[in-house]
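# Overview (structure and organization)
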Amino acid sequence: MWRLIFLFFLVCSSVVAQNKPLLFNVDDLPQTLMSNPGAQINFTGHIGIPLFSQIHLSAGTTGVDLYDIFADDGTNINTRIQETMRSMDARDYFAINQQLEIISLGWKLDRKNYLSMGIYQEMDLFAYFPKGPAILVNEGNNDYLNEPFYFDDVSFTGEILTVYHLGINHKFDRRLTVGARAKFYSGVFNAESTGNSGRFTTYTTPNGRNVYKHEVVDLNVLVNTSGFASLREEEEVMTVEQATAELLSRSFFGGNVGFGLDLGLSYILDEQFILSGSVQDLGAVFQRKDVENYRYFGAYETSGLEPLFPDLDENDEAIPYWDIFEDEVDRNLRDQTTYESYTTWRPIKANFAMEYGFGPGFLPCHYLSDKEVRYMNLLGMQLSGVKRPKGFVYALTAYYDRKINENQRFKLTYTLDDYSLTNIGLMYTKTFNKFNVYLAVNNVLAYPDLAKAHSASIQLGMQLVFND
């Protein structure tokens, strides 16, 4: 089972990182407002092509890639899986993120304010590698005597939801722009297990009554789920039409709901330096419907069975020793299914960037922007982070942003993160009259051989962007 889970996350992750530096501070694209509602922008309105204004796929793994498992080197795949599991640690992780913009539009209210709104669907999966339990199930404890297996290694979150949002971008003056975006979450599925505890150890006891002593201490593992139980009811199997209707109803606030907020700003230090920062998804989803939770807890210690004095049943017949052992384990290590509501916090994202403009400049051709000069070249640094169960996951990006002309632009990035030291990204956008298309790809050096890639991401979209 652990091997199947391990391979599932590995395959999914290696095919396509929540970090989106390629569209941050790209003032020609409305999508920059989704990562910083207080960004400097240079358009007066936009209408996204439904379902095509933004398609985003990204994923990454640390500590392993597909080549480690499926390399054609003559060794057995089970041996490769075992060696890979041993080489990883409990802070290695798998991450998958997908977003689909359903509706997107915005327009200027006046000289200082720009209103934007829309709907998008998001899937976010994040799991730390559960090294202790995975090795225990896969290999057993024979090679790990006197070494503890920690159940707090089990830590994952996963959700699918629909997000309805409304944002405002406000220019205080020619230097300072601030923004905020209210979000309303409609949950479809959720599963999480964090904050677990417990340890299992097998000790050698040559002077004891048996050679080994097995000890489980403070076991407490909780898995919360919402949105799954009703789809697997044995009494009534849903048809495709019924399941589709159920999922659509959840997308329109028929399931679990929540609220969130994005905040952002940008500040022109002088004619050439701009500082910007944002915080996204300050919010939570309240899981109240279709909830089913599984808890495993207890403590137990045994040095083996004593066969000299077997227990007798009501007919004075000896009870099999393994039945006695199983009953004893069940009394001390228990499982429980509950239906209590719970709250999940969205993965908070933070960004901070500083950029420097140089080279030939030109005046903006419309009145929404108060900047006197737009430079053709921008050099920048961006620090980004995503809050995960065991702390923030950070990335540091250096970029070169080149405005070719009024209709074309590209951005080249180099990112340092947990996945790779050679993460090169490229973004290109072009506008035909008012019709805009863009493509952004991370870790481009890995695409010729994705089996060896630890991460990859792609964003693309098309929309109408108005500049007057």
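First, a word on what this report is: a plain description of the structure on this page. Everything numeric in this text was worked out from a predicted model, so none of it was measured. Residue numbers restart at each chain and count upward from 1, following the sequence in its written direction. Reporting in this predicted model follows two pLDDT cut-offs: at least 70 for local features of residues, and 80 or more for side-chain atom pairs to be given and counted; totals over whole chains, interfaces and linings ignore these cut-offs and use all residues. Just so you know, side-chain values use all the structure's heavy atoms and leave hydrogens and water out.

## Section: the overall build of the protein chain
Quick note on the threshold: Strands are runs of DSSP state E lasting at least two residues, helices are runs of H or I lasting at least four, and both sets are numbered from the N terminus onward. Exposure was quantified through the Shrake-Rupley algorithm and a 1.4 Å probe, taking into account, for residues, occlusion by the shown protein chains and nothing else.
Broken down by element type, the protein chain carries seven helices and 22 strands. About 22300 Å² of surface is accessible on the protein chain, with carbon and sulfur atoms providing 62% of the total.

## Details of unusual backbone geometry
As a reminder, the rule being used: Buried means the residue's accessible area, taken with a 1.4 Å probe over protein chains only, is under 20% of the maximum for its type, while exposed means over 50%, and partly exposed covers the values in between.
In this model, asparagine 146 sits at a positive phi of 70°, which is unusual for a non-glycine residue. Among the structural elements, asparagine 146 can be located in the loop between helix H5 (131–139) and strand E5 (149–150). Looking at asparagine 146, the relative accessible area reads 39%, which means it is partly exposed.

## A short note on helix H4 (residues 77–87)
Condition: The arc in question is the one traced by the directions running from the helix axis out to the C-beta atoms.
Three or more residues of H4 are buried, namely Arg80, Ile81, Thr84 and Met85. For H4, the arc enclosing every buried residue in end-on projection is 130°, short of the 170-degree limit, so these residues lie on one face. What points out from H4, more than 90 degrees from its buried face, is the exposed set Glu83 and Ser87.

## What to know about the packing of aromatic side chains
The line we're drawing: Think of it this way: a Phe, Tyr or Trp ring, Trp meaning its six-membered ring, pairs with another when their centres are within 6.5 Å, and the plane angle makes it stacked under 30 degrees, edge-to-face over 60, tilted otherwise. A ring is considered to have a charge above it if a Lys NZ or an Arg CZ atom is located within 6 Å of its centre and within 35 degrees of its normal.
In the structure shown here, the tally under the stated rule is 13 aromatic pairs. Consider the rings of phenylalanine 273 and tyrosine 356, whose centres lie 5.0 Å apart with planes at 45°: the pair is tilted. With phenylalanine 273 in strand E11 (residues 273–280) and tyrosine 356 in strand E16 (residues 349–362), this pair connects stretches of sequence that are 83 residues apart. According to the relative accessible area criterion, tyrosine 356 is partly exposed, its value standing at 28%. Clustering of aromatic rings is evident, with ring pairs tying together Tyr93, Phe126, Tyr128 and Tyr419. Here the guanidinium or amino end of lysine 411 rests over the ring plane of tyrosine 399, the centre of that ring lying 4.2 Å away.

## Concerning the packing of H4 against H5
Short version of the rule: An axis is simply a line fitted to the C-alpha atoms; with a helix, the fit covers only the stretch in contact. Between two such axes, the angle follows the N-to-C directions and lies from 0 to 180 degrees. Here is the rule for angles: anything less than 35 degrees is roughly parallel, anything more than 145 is roughly antiparallel, 65 through 115 is roughly perpendicular, and the remaining ranges are oblique. We call a crossing left-handed when the near helix sits turned anticlockwise from the far one by less than a right angle, and right-handed when that turn is clockwise. Throughout, a contact is declared for two residues whenever any of their heavy atoms are within 4.5 Å.
Where H4 meets H5, the closest approach of the two axes is 10 Å, and the angle between their N-to-C directions is 155°. Considering the angle they form, H4 stands roughly antiparallel to H5. For the element pair H4 and H5, the recorded crossing hand is left-handed. Taken together, the residues of H5 that come into contact with H4 (itself represented by Gln82, Met85 and Arg86) are Lys131, Ile135, Asn138 and Glu139.

## Here we look at the pattern of salt bridges
Pairing between side chains of opposite charge can happen when their charged atoms approach one another. Convention followed: By definition here, a salt bridge exists when the distance from a side-chain nitrogen of Lys or Arg to a carboxyl oxygen of Asp or Glu is within 4 Å.
The full count for this structure, using the stated rule, is 15 salt bridges. Lysine 403 is paired through a salt bridge with aspartate 28; the nearest N and O atoms lie 2.7 Å apart. Of the two residues, lysine 403 is situated in strand E18 (residues 391–403) and aspartate 28 in the loop between helix H1 (2–15) and helix H2 (32–35); the sequence distance between them amounts to 375 residues. With a relative accessible area of 4%, lysine 403 lands in the buried category. On the basis of relative accessible area, aspartate 28 is assigned to the buried category, the value being 15%. Glutamate 215 is the salt-bridge partner of arginine 199, the closest N and O atoms lying 3.9 Å from each other. With arginine 199 in strand E8 (residues 197–204) and glutamate 215 in strand E9 (residues 212–226), this pair connects stretches of sequence that are 16 residues apart.

## Section: the environment of tyrosine 267
In this fold, tyrosine 267 is placed in strand E10 (residues 256–268). Residue classification places tyrosine 267 among the partly exposed residues on the basis of a relative accessible area of 34%. Considering only alpha carbons, one finds tyrosine 267 and arginine 174, 93 residues apart in sequence, at a separation of 8.8 Å. Ignoring any residue separated from it by four or fewer positions in sequence, one finds tyrosine 267 in contact with Arg175, Leu176, Phe273, Ile274 and Leu275.

## Regarding the side chain of lysine 171
What counts here: In protein, a polar contact requires one atom able to donate a hydrogen and another able to accept it; more generally it is a pair of N or O atoms within 3.5 Å, and residues adjacent in sequence count only if both atoms are side-chain atoms.
Within the element layout of this structure, lysine 171 appears in strand E6 (residues 156–171). When its relative accessible area of 3% is taken as the criterion, lysine 171 is described as buried. Here the side chain of lysine 171 touches glutamine 40 through a polar contact of 3.1 Å, side chain to side chain.

## Describing the side chain of aspartate 401
If you trace the backbone, aspartate 401 turns up in strand E18. With a relative accessible area of 2%, aspartate 401 lands in the buried category. Among the polar contacts listed, one links the side chain of aspartate 401 to the side chain of arginine 409, at a separation of 2.8 Å.

## Regarding the pairing of strand E4 (residues 113–128)
This is how it is decided: Any two strands with at least two DSSP-identified bridges between them are counted as paired.
In terms of residue burial, E4 counts as a mostly covered element, since 13 of its 16 residues are buried. For strand E3 (residues 93–108) and E4, the ladder comprises 15 bridges, and the chain directions are antiparallel. Residue pairing in the sheet places tryptophan 107 in a bridge with leucine 115 of E4. A loop of four residues connects E3 with E4, the two strands running antiparallel in sequence. The sheet contact formed by E4 and E6 spans 15 bridges and is antiparallel. In the strand pairing of E6, tyrosine 114 is matched with asparagine 169.

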